[in-house]
Amino acid sequence: MDKPVYKRTNNDLLLSRSLYQTTGFSTIQQNLGSVENTGLEILLAVRPFVGKFKWESSFNIAFQKNKVKELYDGLTQLPGDASIRVGSPLGSFFTVEWAGVNPASGRSMWYDINGNLTYTPKAADSKIIGNIYPSHFGGWTNDFSYKGISLNAFFPVMQVQSVMD
């Protein structure tokens, strides 16, 4: 049986490594580092009816986080992919944080690296503002059956993480 609480470091993280264009290829897949996965999984199941009419219901939810622990040659970020950085989750959004639109002028605004508003963001103002993974996911499943006819209903539960913790 798998453990519901886990912390595991996976070595030989398979990622795309940039190559010189003169090779005829832009990237190659290689084992380039390690990532740590931590999480918790919970499952609750009940059988409210078990006679001719059967109803089984279960709810599961999982919470998982990951963090890049190291990259090859002691690098702190993967060349050609600024979203993969040591100490940050895989799939991070590395960009300038958008602040909205100035209602008076209609111009787009961003936050610079110091948190001040700017109309002209620079590459140096980029930071990690979130990642592609939901903070939790799971769902509620119901199985109904009567005289050889069955119905299964699944209701997903997912929360997208918009800002880093």
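Residues numbered from 1 in each chain as written. Predicted model: local features only at pLDDT ≥ 70, side-chain atom pairs only at ≥ 80, totals over all residues. Heavy atoms only, no water.

(A) Layout of unusual backbone geometry. Phi angles above zero are rare outside glycine, and D12 is one such case at about 60°. Inspection of the secondary structure puts D12 in the loop between β1 (5–10) and β2 (14–18). Phi at D73 is positive, roughly 55°, even though this residue is not glycine. By the secondary structure assignment, D73 is in the loop between β5 (53–71) and β6 (77–78). (Helix = DSSP H or I, 4+ residues; strand = E, 2+ residues; numbered from the N terminus.)

(B) Region of the structure containing the environment of L14. Looking at the secondary structure, you find L14 in strand β2. L14 sits in the exposed class, given a relative accessible area of 53%. The spacing of L14 and Q29 is 15 residues in sequence and 6.4 Å in space, taken between C-alpha atoms. If sequence neighbours within four positions are ignored, L14 has contacts with Q29, Q30 and N31. (Buried < 20%, exposed > 50% of the residue type's maximum accessible area, 1.4 Å probe, protein only. Contact = heavy atoms within 4.5 Å.)

(C) The sheet that holds strand β11 (residues 117–118), seen in detail. Pairing in this open sheet of three strands is antiparallel, and the strands run β9-β10-β11 from one edge to the other. At either margin of the open sheet sits one strand with a lone partner, and together these are β9 (98–101) and β11. Here two bridges tie strand β10 (residues 108–111) to β11, and the two strands are oriented antiparallel to one another. The residue of β11 that forms the bridge with W110 is T118. (Pairing = 2+ DSSP bridges.)

(D) Summary view of the pattern of salt bridges. This structure, assessed with the given rule, holds three salt bridges. Among the ionic pairs, E36 bridges to K7, the shortest N-O distance being 3.9 Å. Of this pair, E36 sits in strand β4 (residues 33–50) while K7 is found in strand β1, placing the two residues 29 residues apart along the sequence. Take E36: its relative accessible area is 13%, and that puts it in the buried class. (Salt bridge = Lys/Arg side-chain N within 4 Å of Asp/Glu carboxyl O.)

(E) Examining the packing of aromatic side chains more closely. Overall, the coordinates contain five aromatic pairs when judged by the stated rule. Centre to centre, the rings of W55 and F144 are 5.6 Å apart; their planes meet at 25°, and the pair counts as stacked. Of this pair, W55 sits in strand β5 while F144 is found in strand β13 (residues 134–146), placing the two residues 89 residues apart along the sequence. The partly exposed category is assigned to F144, whose relative accessible area is 26%. An aromatic cluster of three or more residues is present, and its members are F49, F53, W55 and F144. Between the NZ or CZ atom of R85 and the centre of the ring of F94, over which it lies, the distance is 3.8 Å. The ring centre of Y119 lies 4.1 Å from the NZ or CZ of R107, which sits over that ring. (Phe/Tyr/Trp six-rings, centres within 6.5 Å; stacked < 30°, edge-to-face > 60°. Lys NZ or Arg CZ within 6 Å of the ring centre and 35° of its normal.)

(F) A look at a nonpolar patch on the surface. On the surface, a cluster of nonpolar side chains totalling about 420 Å² of accessible area is made up of V5, L40, I42, L44 and F63. Counting residues per element, the nonpolar patch draws most heavily on β4, which supplies three residues. Looking at the secondary structure, you find L40 in strand β4. Judged by relative accessible area, L40 falls into the partly exposed class, the value being 31%. (Patch = residues over 30% accessible without salt bridge, like charges linked within 9 Å, V, L, I, M, F, W, Y side chains within 5 Å. Areas by Shrake-Rupley, 256 points an atom, 1.4 Å probe, with all protein chains shown as cover.)

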